[in-house]
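This is what each chain is made of:
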Amino acid sequence: MTETKGAPRSFQEIILRLQSYWAGKGCAVMQPYDMEVGAGTFHPATTLRSLGSKPWAAAYVQPSRRPTDGRYGENPNRLQHYYQYQVLIKPSPPNLQELYLGSLEAIGVDMAMHDIRFVEDDWESPTLGAWGLGWEVWCDGMEVSQFTYFQQVGGHDCHPVSGELTYGLERLAMYILGVDHVMDMPFNDPDALIPLSYGDVFKQTEEEYARWNFDVANTEVLLRHFEEAEAECAAILAQDHIDPKTGKRIIMAHPAYDQCIKASHVFNLLDARGVISVTERQAYIGRVRALAKQCADAFVQTEAGGHAA
Amino acid sequence: MPDLLIELFSEEIPARMQARAAEDLKKRVTDGLVEAGLTYAGAHALSTPRRLTLALEGVLDHSPTVREERKGPKVGAPDKAIEGFLRGAGLTRDQLEERDTPKGAVYFATIEKAGRPAADIIAEVLEDTIRNFPWPKSMRWGAGSLRWVRPLHSILCILSAEDGAEVVALDIDGITSGNTTRGHRFMAPDEITVSSFEDYATKLKRAYVVLDPAEREAAIWQDATNQAFASGLEVVEDKGLLAEVAGLVEWPVVLLGSIDDEFLELPPEVLQTSMKEHQKFFSVKNPKTGRIEKFVTVANRETADNGATILAGNQKVLSARLADAKFFWENDLRTAKSEAGMSAWVDNLSNVTFHNKLGTQAARIDRIAALAREIAPVVGADADLAEQAARVAKADLSSEMVYEFPELQGLMGRYYAEAAGLPSAVANACEQHYSPLGPSDDVPTESVSVAVALADKMDTLTGFWAIDEKPTGSKDPFALRRAALGVIRLVLNNDVRVRLDSVIDAHLLRHEMAQNGDDPVATRLMQDMLTEIADHGVFGSAVRTVLDAFDGDLPKHIEQLKEQLPDVSRDLLSFFHDRLKVFLRDQGIRHDVIDACIAMDGNDDLTLLVKRARALEDFLKSEDGTNLLQGFKRANNILTQAEEKDGVEYSYGADKKFAEDDTEKALFDALATSEGAISSAIEAEDFAAAMGSMAALRAPVDAFFEAVQVNSDNEVVRRNRLNLLSQIRKVVGQVADLTRIEG
């Protein structure tokens, strides 16, 4: 691993340094999942791989979408599309806190000058039927990461326990780069031939998506998509474990889980459109959770889920 | 005798759990040691975010040897019996002793349990403590199955004496005990070897760890107030925040920071809440203006720039937070001052569900407004104002500020109502109608606030009773006990005279109408019943009047309503009585005294009920009271026994002309005097006077029992005397049901 010295100069440099740091610590550096998700946790490299007994170590950037957080690119800190950096190691190593602090140093946080604190914050995802204990990590009073020891995912006890780190990349980068408005943040190096700011890359898309999310997305179509994803998920999981064509035992946990991800994102869009009442909300969350549980049940019966062949 | 030092070193323990955990460690370990015979001279428990520490002084180095003697079978008893005895005692026959007893020679066994070294006992007790520690929430980590609040990294456990320290050997799922710990995570992370508690505390302080939470709190508070004082300001006291902040740092460094001028016009509560909830900052105010101008944050380390970078970072985070708050405040004020004013927010509440069986917030507000209007005259409030206040009191739930900071509900309502130019009684009610929230919270006294506060709580209580969601055991998700206590305190503090029965009945009906509003006939009937209750008080007669006048097929659920509502209503009233008992018990009124008063008519008028109970409590404390109670109980016992034996009720017809004894005649006279005096005192609600008249009965009752045998051979005399006793029961019974008094 190349040790990069000095303060990073751009958003992408922070990402690159994290990639390099965690690669150096033995993580498989993965790529973002190719579906719309609300958080890095939804990536099957976290949700599914935190289940079962097989050791695992992965790190990746995950573009995440939260339609209700759209502010047309005007709010200095809020975006409907943003990036999370996600690390998952199973079993959680005893020095995970030190590894994490090392990653902060790698991106230019000088531990001798800053005040880093682990403040109680237990994590729960009602849609994934998952929870864990941990902290939000503060740097000079600002939350820069979420640090969680997974206890349960998809209704299954985690054995062994995974340690999960989630960095909110924009906020963290703004702090390190000393930028007050996300759109002003240098995306690539300020001295590059064509310097680009975060706004150059994302200001327009924030506007476009905010308008679509809040006012235009066709709710009837979305409602139908939700039902379809739910039905498809069940249909996939109802298949015989033995594939009639190849004669192999193939449990389609991942394709089923894709439908769960889809349902979850459609629900978020419906929520942003304001067509889900408070009482319905709970019911929808419950339906997504039921899918997540079924997918988790299926995954633990696969080889990657620790099922002995 | 050696000292024991234990430190359990882990990843960061939630601040709110540290103090309790330190105490639990102390209790579990010391209980375990004492149970095993290992006593100690002194114990104290300490905690930081990363460690729980227990220091015991003067621990025995061995548990004492215990001898137990057991008596066995007789000498010459069958072998089987003797063998059984030997097995139980764990001895062989030659170890038994023969002793002569009055019943012949008997075997005796002396079982000796040798004392055990302290280290062995400590290791067992500590392992058991760690494995069964009562954390409110615990977790597993890595591949192990041990549970702790966060991963447990090391166990320091040493017994130290003048000649040195020994490690108490312990291995819990691979974590072995030792004599080392670590200092501050960043400032002194290296391993430290310790040999005693003094050594440990000294070395930790050198390694930037203040072990004692009280010392950290004191240091933070002193430094914060000093720094504020130097700027002519003062820190807003907040004990809870202080304890929390002291639980977030091992080496507190206090930093005083500024709030940007543009945020200084925000209401102080908004500044304070935002800083406390999000950043755990103390507010620092100008004592002259009351304005919050600065903040104090507590860092966990010293830096080369004396905290300048840390403070700048914190200030930046705060500005982003306050920019949000300011944005909400300005948007909200615009709405409040607009033409539609707060009614736009109220309209919005028709889309917000309060509870899926109890409808929307808007429907709830309608009910509360109707009830506030009804209660208004009783509490001396203007009915229009009370209704108006009830209609806007929850409007701020739609505001952006309350969405962000739910704990500011009510308070923001007041600010916005003032901005909207509403009358001050209305604005105050917005804030105060949630009160009182706890047993020591201030109780509103302004009549409009009282009316809305009562209506709000009664609506909640009757609503959850109507849908049968009552508190059970420790579960009270809708805080109904608190609501009932709120009603009790509002009524008592303001001397409100209201018959809760009819409020409950009427409001249960309103809930019924809200839930079954589809049937026009039923709705009309319930509307009529409401009018009847308003005129005549109670449900039973209202139903009779309305249904008697009704011609046609009774809707089914009206039929049900007639059956069920009285039970629900009674149940809710007795819930109030239970809460009242708890409340008054804390004020020194015995539960049986309250029971004796609850048994009387008018027990739904809580003010009257408590007046009666207080008078009775005082009376029973007096000598006359104690004696009269004995006399009453004696009369009642004799009477009850006689009634049971004879199968009749002696309730009428005592006649002075059959009285034989002078004391008997005197009692007749005394009762005649008291009966009138008591009933007119009760009529006038002068319970002290009623008790006084009751006290006057003491002497004649005592004299009567002294001189007279009730169960006379002469049947006429006996019956007359029993009827006289019944007269005592009746006269005294006007005041309270003394049969319920214990002792």
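Keep in mind that what you see is a predicted model, and the values were worked out from it rather than measured. (Residues numbered from 1 in each chain as written. Chains lettered and ligands numbered in written order. Predicted model: local features only at pLDDT ≥ 70, side-chain atom pairs only at ≥ 80, totals over all residues. Heavy atoms only, no water.)

Asks: Where do I start with the sheet that holds strand S16 (residues 292-299) of chain B in this structure?
Replies: Consider a sheet: its strands pair through backbone hydrogen bonds, and that pairing is either parallel or antiparallel. Residue and element names in this part refer to chain B. Here four strands make up an open sheet; going across it, the order is S13-S15-S16-S14 and the pairing antiparallel. Two strands close off the open sheet at either side, each with one partner strand: strand S13 (234-235) and strand S14 (253-258). Pairing analysis gives two bridges linking S13 to strand S15 (residues 282-285), with the strands arranged antiparallel. Note that in S15 the partner of Glu234 across the bridge is Lys285. Packing of helix H5 (residues 213-230) onto the sheet brings it into contact with S13, S14, S15 and S16, and relative to S14 it is tilted by some 35 degrees. Its contacts with the sheet place helix H7 (residues 268-279) against S15 and S16, and it is angled at close to 10 degrees to S16. (Pairing = 2+ DSSP bridges. Helix = DSSP H or I, 4+ residues; strand = E, 2+ residues; numbered from the N terminus. Contact = heavy atoms within 4.5 Å. Axes fitted to C-alpha atoms, helices over the stretch in contact; angles between N-to-C directions.)

Asks: What's the story with helix H3 (residues 118-131) of chain B in this structure? I'm lost.
Replies: Residues lying three or four places apart along an α-helix face the same way, a consequence of the helix completing one turn every 3.6 residues. Residue and element names in this part refer to chain B. Over its 14 residues, H3 extends 20 Å from the first C-alpha to the last, a length consistent with the 20 Å expected when each residue adds 1.5 Å. Within the sequence span of H3, burial applies to Ala118, Ala119, Ile121, Ile122, Ala123, Val125, Leu126, Thr129 and Ile130. Buried residues along H3 sit against strand S1 (3-10), helix H1 (15-35), strand S7 (152-161), strand S8 (164-167) and strand S9 (171-172). (Expected span 1.5 Å × (residues − 1). Buried < 20%, exposed > 50% of the residue type's maximum accessible area, 1.4 Å probe, protein only.)

Asks: Is there a simple way to think about the domain arrangement of chain B in this case?
Replies: Accessible area lost upon the coming together of the parts serves often as the stated size of an interface. Here chain B is described as being made up of domain 1 (3-62 + 117-206), domain 2 (66-113), domain 3 (213-336), domain 4 (341-458) and domain 5 (606-740). Centre-to-centre, using C-alpha coordinates, domain 2 of chain B lies 80 Å away from domain 4 of chain B. (Domains from an automatic or database assignment.)

Asks: When you look at the domain arrangement of chain A in this model, what are you seeing that I'm missing?
Replies: All names here are of chain A. Looking at chain A, the domain boundaries give domain 1 (11-211) and domain 2 (218-299). In this structure, domain 1 and domain 2 have C-alpha centres spaced 25 Å apart. In total, about 1,800 Å² of surface goes out of reach between domain 1 and domain 2, with carbon and sulfur atoms giving 73% of it. Between the two partners, domain 1 and domain 2, sit zero salt bridges. The interface formed by domain 1 and domain 2 contains six residue pairs in polar contact (both at pLDDT 80 or more). The residue makeup of the side of domain 1 that touches domain 2, split by class, is 11 nonpolar, seven polar and three charged. (Buried area = accessible area lost by both parts, 1.4 Å probe. Salt bridge = Lys/Arg side-chain N within 4 Å of Asp/Glu carboxyl O. Polar contact = N/O pair within 3.5 Å; in protein donor to acceptor, adjacent residues only side chain to side chain. Nonpolar A, V, L, I, M, F, W, Y, C, P; charged D, E, K, R; others polar.)

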